[in-house]
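# Structural characterization, general
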Amino acid sequence: MIKFHVRFAAPTAVAAVLAAVAFSPSIAMAQGVSSLAAKPEAAKADGDDVANRGVEAVPAIAPIPSLLDTPFPPKPSWKEERMVRAEALYLEGYKLYQAGDTEGARRQFDQALDLVLDSRSEPVNRSSFDKRFEELVQKIYRIDVDTLQTEKSNESQPSYDKAPIDDILSLTFPVDPKLKMKVREEVGATVSQLPLEASDAVLSFINYFSGDRGKRTLIAGLKRAGRYKPMISRILDEEGIPQEFIFLAQAESGFLPRAMSYMAAGGMWQFIRETGAKYGLKNDTWVDERFDPEMATRAAARHLRDLYHEFGDWYLAIAAYNCGQGNVDRAVTKTGYADVWELRSRGTLPLETSNYVPIILAMTIMAKNPRNYGIEDIIIEDPVLYDSIEINVLTSLSLISDIIGRPVSELKELNPALLRDFAPAGYKLHIPRGSTQQLMSGLEMVPAERRASWRAHRVEAGEDLAVLATRYRTTVSALQAANSLTTAELPASSLLIVPAAPAPVFTRPARVATRYYAAKKTGGKTTVASRAPARRAVASKAPVKAAVKAPVRRPAATVARGPVKRKQG
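The paragraphs below set out a description of the structure included in this document. (Residues numbered from 1 in each chain as written. Predicted model: local features only at pLDDT ≥ 70, side-chain atom pairs only at ≥ 80, totals over all residues. Heavy atoms only, no water.)

## Topic: the packing of helix α9 (residues 200-210) against helix α10 (residues 212-238)
Where we set the bar: To get an axis, fit a line to the C-alpha atoms, keeping to the stretch in contact for a helix; angles then go from 0 to 180 degrees between the N-to-C directions. Each helix is a run of DSSP H or I of at least 4 residues and each strand a run of E of at least 2, with the numbering of both proceeding from the N terminus. When describing relative orientation, an angle under 35 degrees is termed roughly parallel and one over 145 degrees roughly antiparallel, while 65 to 115 degrees is termed roughly perpendicular and anything else oblique. Throughout, a residue-residue contact means that at least one pair of heavy atoms, one from each residue, lies within 4.5 Å. Under the scheme applied, nonpolar residues are Ala, Val, Leu, Ile, Met, Phe, Trp, Tyr, Cys and Pro; charged residues are Asp, Glu, Lys and Arg; polar residues are all the others, including Gly.
Across the interface, α9 lies against α10 with an axial gap of 5 Å and an inter-helix angle of 85 degrees. Comparing their axes, α10 and α9 come out roughly perpendicular. Contacts between α9 and α10 pair Tyr208, Phe209 and Ser210 from the former with Asp212, Arg213, Gly214, Lys215 and Leu218 from the latter. Residue composition of the contact of α9 with α10, by class: three nonpolar, two polar and three charged.

## Digging into the pattern of salt bridges
Put simply, the rule is: By salt bridge we mean one thing: a side-chain nitrogen of Lys or Arg within 4 Å of a carboxyl oxygen of Asp or Glu. Using a 1.4 Å probe on the protein chains alone, a residue whose accessible area is under 20% of its type maximum counts as buried, one over 50% counts as exposed, and one in between counts as partly exposed.
Applying the stated criterion across every chain, the model contains 18 salt bridges. Between glutamate 294 and arginine 234 there is a salt bridge; the shortest N-O distance is 3.4 Å. Residue glutamate 294 is found in helix α13 (residues 293-311), and its partner arginine 234 is found in helix α10; the two are separated by 60 residues along the sequence. On the basis of relative accessibility, which here comes to 26%, the residue glutamate 294 falls in the partly exposed class. Put simply, arginine 298 and glutamate 239 hold a salt bridge, and the shortest N to O gap is 3.0 Å. Of this pair, arginine 298 sits in helix α13 while glutamate 239 sits in the loop between α10 and α11 (246-253), and the two are 59 residues apart along the sequence. A single network of salt bridges, built from pairs that share partners, joins Arg234, Glu238, Glu239, Glu294, Arg298, Arg302 and Arg305.

## Digging into the packing of aromatic side chains
Stated formally: Two rings from Phe, Tyr or Trp (for Trp, the six-membered ring) form a pair when their centres sit within 6.5 Å of each other. Planes less than 30 degrees apart are called stacked, planes more than 60 degrees apart edge-to-face, and all others tilted. Placement of a charge over a ring requires the Lys NZ or Arg CZ to be within 6 Å of the ring centre, with the centre-to-atom vector within 35 degrees of the ring normal.
Summed over the entire model, instances satisfying the criterion amount to eight aromatic pairs. Considering the side-chain rings of tyrosine 308 and tryptophan 314, the 4.1 Å spacing of their centres and the 15 degrees angle between planes classify their relative orientation as stacked. Like tryptophan 314, tyrosine 308 is buried. The structure contains a cluster of three or more aromatic residues connected by ring pairs, namely Tyr90, Tyr94 and Phe109. The ring centre of phenylalanine 291 lies 4.8 Å from the NZ or CZ of arginine 258, which sits over that ring. When the ring centre of tryptophan 286 is taken as reference, the NZ or CZ atom of arginine 420 above it lies at 4.6 Å.

## What to know about the side chain of serine 354
Looking at where serine 354 falls in the secondary structure, it is placed in helix α17 (residues 351-368). Beyond its immediate chain neighbours, meaning those up to four positions away, serine 354 contacts Arg344 and Leu349.

## Here we look at the packing of helix α14 (residues 314-323) against helix α15 (residues 325-335)
One can describe the packing of α14 onto α15 by two numbers: an axis separation of 7 Å at closest approach and a directional angle of 125 degrees. As judged from the angle between their axes, α14 and α15 are oblique. Residues Leu316, Ala319, Ala320 and Cys323 of α14 lie in contact with α15, whose contacting residues are Gln325, Asn327 and Val328. Among the residues making up the contact of α14 with α15, the classes are represented as five nonpolar, two polar and no charged.

## What to know about the pairing of strand β6 (residues 428-432)
Stated formally: Pairs of strands are assigned from DSSP output, requiring at least two bridges between the strands.
For β6, the buried fraction is high: four of the five residues fall into the buried class. In terms of strand pairing, strand β3 (residues 386-390) meets β6 through five bridges, oriented antiparallel. Among the inter-strand pairings, isoleucine 389 is bridged to a residue of β6, identified as leucine 429.

## Some thoughts on the side chain of aspartate 339
The criterion, for reference: We define a polar contact as two N or O atoms separated by no more than 3.5 Å, with the added condition that, inside protein, one atom must be a possible hydrogen donor and the other a possible acceptor, whereas residues neighbouring each other in sequence contribute only through side-chain atom pairs.
Relative to the assigned elements, aspartate 339 resides in the loop between α15 and α16 (340-345). Engagement of the side chain of aspartate 339 in a polar contact is seen with the backbone nitrogen of tryptophan 341, the distance being 3.1 Å. A distance of 2.9 Å separates the side chain of aspartate 339 from the backbone nitrogen of glutamate 342, its partner in a polar contact.

Interpretation note: all reported values are geometric properties and have no functional meaning in isolation.
Pasting the structure below:
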């Protein structure tokens, strides 16, 4: 949050005000009365100071006390006035942005943000101002994202976020001896559907997440979890999966829907293409459903359930989720132990997988005991709420944005599975809650074969066809034909269809919004280039097993729901 330093002007000397009163009562009422009313103690102090210096005191003026008793409406603070002006500038800029006047829109946005960024007024209604400031910057930032996406072309490659787990999977951390008894007591008192253990490996990652860098990563994920927790909790319950598996998503992606690992695993649950396709996640040139939070959560829950049915142990299921079922099968066959801690100690699992289970358990233990780790006061983000509508023909997000009056970037945030600025036929588009009817009515006005190229415009008071034709680089006759208009009059708030209008394109991002968010996002998600990353090797099928002894299994710390024992041999 940007903090504003408060700067006060030096108060006018009361003696000078009184002199002005004596000279002109009208000037006194206009300039001096409010100062006297606001600072009576200061006036007394100045008067005493004058008396002490031997200067004759100025006699009181009779009309002033009666004027002070007259109620005056409170004058808005300088900060409030600036915010109102900034919001008005944003609305003007957004109208210009929709019409394609990029330079005019940029000027309005820059002026709006400069007004509040440069404010040095008194801290009146600070909390209210900060909230409105955040909302204003967020709106401009979303349009800034639209700018970055359209700077080069509409066919620019999508960007992805770095998977946080990539930085720590291959690392080891020391164990703090002071944590052992504390964590063991916590585990014994913690209710969990997922068995919890306080092994040295788990303690080492609790130690890491208790430090500055690890805690920042943990807190960032816990904050973002609020956006998806209700949805994830519902799906895990429907699929019969322990609720603690929400921390698998936190470990994998930090709840970033467009996270991409260096091994090409993508989405909140980090699916490789082949596994995603196995569980119904579509991937083509238009969409990659691994990035859809709801669809990916459903697929991940079913995948974990299948792995548990195969191994009969949640820890082995987690390990197989990370490195593949075949790798875990071979490790169990080689050692004779169906126990993740034995496989870890014998070095038969990949290093990343050996750390994967302890990371998830460490996050679970800390999140269930937040007071013990100083993370109890985290303010989580609000849940993402949306309606869904099935698109029956290729449709531009710009057209949808025009109809419902929301930026394209907001639509893309709700639809991270979209790889382009278009929703293909058959795609279930997520739109802001409550805008379904408005969108359906607007789309019906546009011919199906034109929804990929045409635009729409919400008419403002005073606008006419000639002005709009100039803004959208079309003709009055074309507008009349597309909208079946017989007159030039345009009712305010009506929706006008614009044939073949090009999408507005900024040549550079809004400077202040970019500057602000560059500072605000430090330590948060990191955008990485969308080059084709190295692909994770697909787990090969397990070889035909020779007759071996039944694997040695350790008893589970808690009873998992609905266990299904794995066939031996």
